[in-house]
Amino acid sequence: MHASSDHKPMIICISSGKGGVGKTSFTVNMAAALAQLNKKVLLIDGDLGLANVDVVLGINVRHNLRETIEEGRDPASILVEVPPGFQVLPASSGVPEMANLSYEEQIFLTNTLEGITGRFDYVLVDTAAGIGDSVLWFNNWAQTNIVVLSPDPTSMTDAYALMKVLNTRYDRREFFLMVNSAKSKKEGQAVFDNMSLVLGNFLKIKPSQLGIMPLDNSVAQAIRNQRPFYLTHPESKASRAISEMAVALSRL
Amino acid sequence: MTSMGPGNESARFFRDLEQRAGGYPVRSLRVTAPDRSLLGLFLHHDQAGSAEVEAALGRLIASLAGTRGDANASDGTGLVALPEPDQIKKILRSELDRVRLTRLPCSLILLEDGTDSAARETAMAAIKECLHHVDILARHNQAELAIILPGTNLGKAVQRAKAIQAALERRLDRPAAGACRMGIALCYASDRLDADQFLALAEAELTRARRPGAAPICHVSGVRAEDACQVSVEERAQLFGFLVKDTN
């Protein structure tokens, strides 16, 4: 598939509120799955101060978004292509200033990113944890918001808090929930149903269910091997779940 | 269009200009040579009339000139001339459009201009030293100034207001008791305020700040904007209710 220059990509922001719930792993594998569906995919590492998409993918990057923001480097020149054929826009790690971009830098980044996203079908943004400025900004920049949560009270609280801020302050009303690390489909469904109930009761919004990712040893193994499990363990339960979610996203 | 010769200095200049353009109602287009070197920037605005574009570009260039040691854009006092009261609603409309577009908040400070003409220059210099270069200082009416703070939430706007107050006290050698009164309003995309409503909110806060015994800096929306997002006890109870049932 070839995206034309005036083509509008679907920009999808993946956040969680709490860190360590599998957001980056999910995003990287979703990018791989969409690429295997012959979609042109750009994965932006939106954790501007503590980037780790490159770590999960096992790639060494020489240039990153920091140079675009601080030195005006063309973002197209820092894109890295990774198997099975998607592009990564890496960010910097260990640079606190990048996690707190000024208003002008945020606007500059928007204009810059919009200059390169037109050639893609899907732009996935893996944000930082928390509800900092850059997280909120990326969520507002995207058309579609995916919130990753796990059956853990802290994860549920933080995911809910993130959606509450986005809804209350920024009027975002549509969220796709992805329940990760579910011991069973039943548990994952219960987490989604309950979150849906609370969002309906207090915020009057009804989230959509993107999918449930089961606990799967191949996920941790793939992270240690710095490869997407979707490629190393294509028959795993987690890979099958990612496949289903990629198909669901491609039908939106 | 603006252009400069090659070299690192010009690249920095263009990047600076490009970044600053983000804070004004203009958009920038890069003009590059076949070897991809940057020849210049074309700045334009597709929503506003030519007078507004001219004013915005003037402010943009003036702000850049200010940090480059170029006094051409100043009004002779070392300060860029302020937009007049009839322009403030136009500027606010433009900034509120930007709030809707970017979903970044905007704050508005109204402050008393209680200085006489002799002290005015000093007061203006004190205010200017606290502003960021995307901030817009304008005259609201004969007795009040307005400061528009694009991309600034309430907490940062209050910090800015306190810094201005401290600078005024220091420069004018004025005791804290005579502190300049300020009213602050805040607009998020979800508020859908128009320029009149935004100004009215700030005016109401300034009126509140002028009451005897009131804090010199009053602000609107504090409770709504900052605390309304907090997850309540009731919400937490429902979030975990089903987990408790599972373990029982």
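The following refers to the structure shown. Along each chain, residues carry numbers from 1 onward, in the same order as the chain's sequence is written. Written order determines the labels here, with chains lettered from A and ligands numbered from 1. Given that this is a predicted model, residues contribute local features only at a pLDDT of at least 70 and side-chain atom pairs are listed and counted only at 80 or more, while totals for whole chains, interfaces and linings are drawn from all residues. Only hydrogens and water are removed before side-chain values are computed, so all heavy atoms of the structure are retained for them.

1. Points about the overall build of chain B
Looking only at helices and strands, chain B features eight helices and eight strands. Per-residue burial over chain B gives 46% buried out of 248 residues. Across chain B, contacts joining residues at least 24 apart in sequence account for 69% of those joining residues at least 6 apart. Exposure was quantified through the Shrake-Rupley algorithm and a 1.4 Å probe, taking into account, for residues, occlusion by the shown protein chains and nothing else. In the form shown here, chain B has an accessible surface area of approximately 12400 Å², with 51% of it arising from carbon and sulfur atoms. Secondary structure is summarised from DSSP: a helix means a run of H or I of at least four residues, a strand means a run of E of at least two, and numbering begins at the N terminus for each. Burial classes: relative accessible area under 20% of the type maximum marks a residue as buried, over 50% as exposed, and values in between as partly exposed (1.4 Å probe, protein chains only). The contact criterion used throughout is that any non-hydrogen atoms of two residues lie within 4.5 Å.

2. A closer look at the sheet that holds strand S4 (residues 86–89) of chain A
All names here are of chain A. Here eight strands make up an open sheet; going across it, the order is S3-S4-S2-S5-S1-S6-S7-S8 and the pairing mixed. Edge positions in the open sheet fall to strand S3 (80–82) and strand S8 (208–214), since each of these has one partner strand only. Each strand axis lies, on average, 25 degrees off the axis of its neighbour in the sheet, ignoring direction. Direction of pairing for strand S1 (residues 10–15) relative to strand S5 (residues 122–127): parallel, over a ladder of five bridges. By the bridge assignment, Cys13 is partnered in S5 with Val125. To get an axis, fit a line to the C-alpha atoms, keeping to the stretch in contact for a helix; angles then go from 0 to 180 degrees between the N-to-C directions. Sheet strands touched by helix H11 (residues 237–250): S1, S5, strand S6 (144–149), strand S7 (175–182) and S8. Its angle to S8, the strand with the most contacts, is close to 165 degrees. At least two bridges found by DSSP between two strands are what make those strands a pair.

3. Comments concerning the packing of aromatic side chains
Residues and elements named next belong to chain A. Aromatic pairing here means that ring centres of Phe, Tyr or Trp (its six-membered ring) are within 6.5 Å. Orientation follows from the plane angle: under 30 degrees is stacked, over 60 is edge-to-face, and everything else is tilted. The full count for this structure, using the stated rule, is four aromatic pairs over all chains. For the ring pair Trp137 and Trp141, a centre distance of 6.2 Å and an interplane angle of 5 degrees mean the geometry is stacked. Of this pair, Trp137 and Trp141 are both found in helix H6 (residues 133–141), four residues apart, which corresponds to roughly one turn of the helix. Taking the relative accessible area as the measure of exposure, Trp141 reaches 12% and is therefore buried. An aromatic cluster is built from Trp137, Phe138 and Trp141, whose rings are joined through pairwise contacts.

Function cannot be inferred from these measures alone, as they are strictly geometric.
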